[in-house]
Amino acid sequence: MLETSARLLRLLSLLQTPKDWPGTELAERLGVSARTIRRDVDRLRALGYVVHATAGTAGYRLGAGTGVPPLLLDDDEAVAVALGLGTAAVSGVAGIEDTSVRALVKLEQVLPPRLRHRVGALRTATLPLANTADAVDPTVLTAIAAAIRDRDSLRFDYRAHDGTEARRTAEPHRLVSSGRRWYLVAWDTTRSDWRTFRVDRMRLCSPNGPRFTPRQPPGGDLARYVAERISVSPYRYRARFTMHAPADVIAARMPPTVATVEPDGDDACVLNAGSNSLDELAIWVAQIGVAFEVHEPPELIEHLRTLGTRLLDATRWPPEAGANR
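Here the structure is a predicted model, which is why all the values come from computation and not from measurement.

## Brief notes about the packing of helix α1 (residues 4-15) against helix α3 (residues 34-46)
Between α1 and α3, the shortest axis-to-axis distance is 10 Å and the interhelical angle comes to 80 degrees. Of the possible angle classes, the one that applies to α1 and α3 is roughly perpendicular. Residues Thr4, Arg7, Leu8, Leu11, Leu12 and Leu15 of α1 pack against Thr36, Asp40, Val41, Arg43 and Leu44 of α3. Partitioning the contact of α1 with α3 into residue classes produces 6 nonpolar, 2 polar and 3 charged.

Okay, here's the thing in structure tokens:
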């Protein structure tokens, strides 16, 4: 006869099969009396599981409640859920990436080695029909998420945008998804400052570094901090515009990896962006399709005057004498 705790788990596993279970069949499966089954069903109800009694017979079925109680998964179900969460973690579905990573960390923490091997083999053998240039291995995401949870420092080799690599040690604070890429906000212990790392450029080293005490994160809005670090700070030219349109209208036309948007009244907003090319900034802001003013950099203001004259000249030929061509 099974011990009470083991028997409850086995009973729960049976009830999770979508069917009505006669009490006599449950008793036979578990090697106990019908009375014991009734008591075990009461114990499950006390734990938050909704177990309905089938009318007319001494039968039971699992129902939905107001909360989500623990679920039991068999091997195939656990592998399927892990793969699904890994796919969702690197998908472009807004709002699901962070949740998927947290759930994947919890699941992989309890997966036995044989199932981890199956999940890893399936991931290796699967090729999504999509652009995977910036794809991140879900196992890297889960390893970083676990380090954030456990307050473990990370040691990793990092490839900068110019291709150079260096060993880094950092205290991980939060993973942020932009939809296309994942970023890690962390305290760089070597540079004694906050840094934002692209996860696809990180190669984790084992084991992790020492435990750390969490620091106060930079700024009040971490998502905005990351957006500014990846859309403005890395570039030679940092531009600021006033756009004569509501902030929600402008924000809907561009991802946070391209620019940051701040409301400036009901009908205007401040747009911050960066680029290594004045031409790129000028053409990009013009194609947004609303009236705008340029505040900085000064080079962009002069460049727009020159470019405007050149574009105007293109509408008439030959250009007026003295025009800048």
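After that view of the structure, there is still more to cover.
## With respect to the sheet that holds strand β3 (residues 59-63)
The strand order across the open sheet formed by 3 strands is β1-β3-β2, and the pairing between neighbours is antiparallel. Looking at which strands have only one partner, the edges of the open sheet turn out to be β1 (21-22) and β2 (50-54). Here 5 bridges tie β2 to β3, and the two strands are oriented antiparallel to one another. When the sheet's bridge partners are listed, Val50 is paired in β3 with Gly63. The sheet contacts of α1 involve β1, β2 and β3, and relative to β3 the element is tilted by about 80 degrees. Across the face of the sheet, α3 comes into contact with β2 and β3 while running at roughly 145 degrees to β2.

## Here we look at unusual backbone geometry
In this structure, the amide linkage connecting Ser206 to the following residue, Pro207, adopts the cis form with an omega of 0 degrees. Residue placement: Pro207 occurs in the loop between β8 (202-204) and α8 (222-231). The residue after Glu296, namely Pro297, is reached through a cis peptide bond having omega 5 degrees. Looking at where Pro297 falls in the secondary structure, it is placed in the loop between β12 (292-296) and α11 (298-313). With a phi close to 60 degrees, Arg151 is a non-glycine residue in the positive phi region.

## Regarding the nonpolar core
Counting residues in hydrophobic clusters, the biggest one holds 22 residues, and the most contacted among them are Phe241, Met243, Ile250, Leu271, Trp284, Ile288 and Leu300. Elements with a contribution of two residues or more to this core: β9 (237-243), α9 (247-251), β11 (269-275), α10 (278-286) and α11. When residues in this core are grouped by element, the largest group, 5 residues, is from α10. Residues contacting Trp284, with those up to four places away along its chain left out, are Phe241, Met254, Val258, Ala259, Leu271 and Ala273. Counting residues in hydrophobic clusters, the runner-up holds 21 residues, among them Val101, Val105, Val136 and Trp182.

## Some points on helix α7 (residues 138-150)
Here α7 contains 13 residues, and its C-alpha end-to-end distance of 18 Å stays within 8% of the 18 Å for a straight helix at 1.5 Å per residue. Pro138, Val140, Leu141, Thr142, Ile144, Ala145, Ala146, Ala147 and Ile148 are the residues of α7 that are buried.

## Overview of the confidence of the model for the chain
Scored by pLDDT, the chain comes out at a mean of 81, with 83% of its residues at no less than 70. For the stretch residues 129-133, pLDDT sits under 50, and the model shows 0 contacts to residues farther than four places along the chain or on other chains.

## Quick notes on the sheet that holds β12
The 4 strands lie next to each other as β10-β11-β9-β12, forming an open sheet whose pairing is antiparallel. On the outer flanks of this sheet lie β10 (259-263) and β12, each paired with one strand and no other. In this sheet, neighbouring strand axes are inclined to one another by 25 degrees on average, regardless of whether the strands run parallel or antiparallel. Of the strands in this sheet, β9 and β12 touch α11, which is tilted by about 135 degrees from β12.

## What about the pattern of salt bridges?
For the structure on display, the rule yields 16 salt bridges. Here Arg195 makes a salt bridge to Asp193, at a shortest N to O gap of 3.1 Å. For Arg195, a relative accessible area of 23% corresponds to the partly exposed category. With relative accessibility at 34%, the residue Asp193 sits in the partly exposed group.

## Regarding the packing of aromatic side chains
Taken as a whole and assessed by the stated rule, the structure comprises 5 aromatic pairs. Judged by centre distance (6.3 Å) and plane angle (80 degrees), the rings of Phe156 and Tyr158 are edge-to-face. Of the two residues, Phe156 and Tyr158, both sit in the buried class. Centroid distance Phe241 to Phe292: 6.1 Å. Interplanar angle 85 degrees. Geometry classified as edge-to-face. Taken together, the residues span a long stretch of sequence, with Phe241 in strand β9 and Phe292 in strand β12 at a distance of 51 residues.

## Observations concerning the pairing of strand β5 (residues 165-177)
Inspection of the sheet shows strand β4 (residues 154-159) paired to β5 by 6 bridges, in the antiparallel sense. Residue pairing across strands places Arg155 opposite Thr169, the latter belonging to β5. Taking the residues between adjacent antiparallel strands as the criterion, β4 and β5 are bridged by 5 residues, where Gly163 takes a positive phi near 95 degrees. Sheet analysis places β5 next to strand β6 (residues 182-188), joined by 7 bridges and oriented antiparallel. Each bridged residue has a counterpart across the sheet, and for Arg174 the counterpart in β6 is Val185.

Calculation rules
Residues numbered from 1 in each chain as written. Predicted model: local features only at pLDDT ≥ 70, side-chain atom pairs only at ≥ 80, totals over all residues. Heavy atoms only, no water. Axes fitted to C-alpha atoms, helices over the stretch in contact; angles between N-to-C directions. Helix = DSSP H or I, 4+ residues; strand = E, 2+ residues; numbered from the N terminus. Parallel < 35°, antiparallel > 145°, perpendicular 65-115°, else oblique. Contact = heavy atoms within 4.5 Å. Nonpolar A, V, L, I, M, F, W, Y, C, P; charged D, E, K, R; others polar. Pairing = 2+ DSSP bridges. Core = buried A, V, L, I, M, F, W, Y, C linked by side-chain atoms within 4.5 Å. Buried < 20%, exposed > 50% of the residue type's maximum accessible area, 1.4 Å probe, protein only. Expected span 1.5 Å × (residues − 1). pLDDT = per-residue confidence, 0-100. Salt bridge = Lys/Arg side-chain N within 4 Å of Asp/Glu carboxyl O. Phe/Tyr/Trp six-rings, centres within 6.5 Å; stacked < 30°, edge-to-face > 60°.

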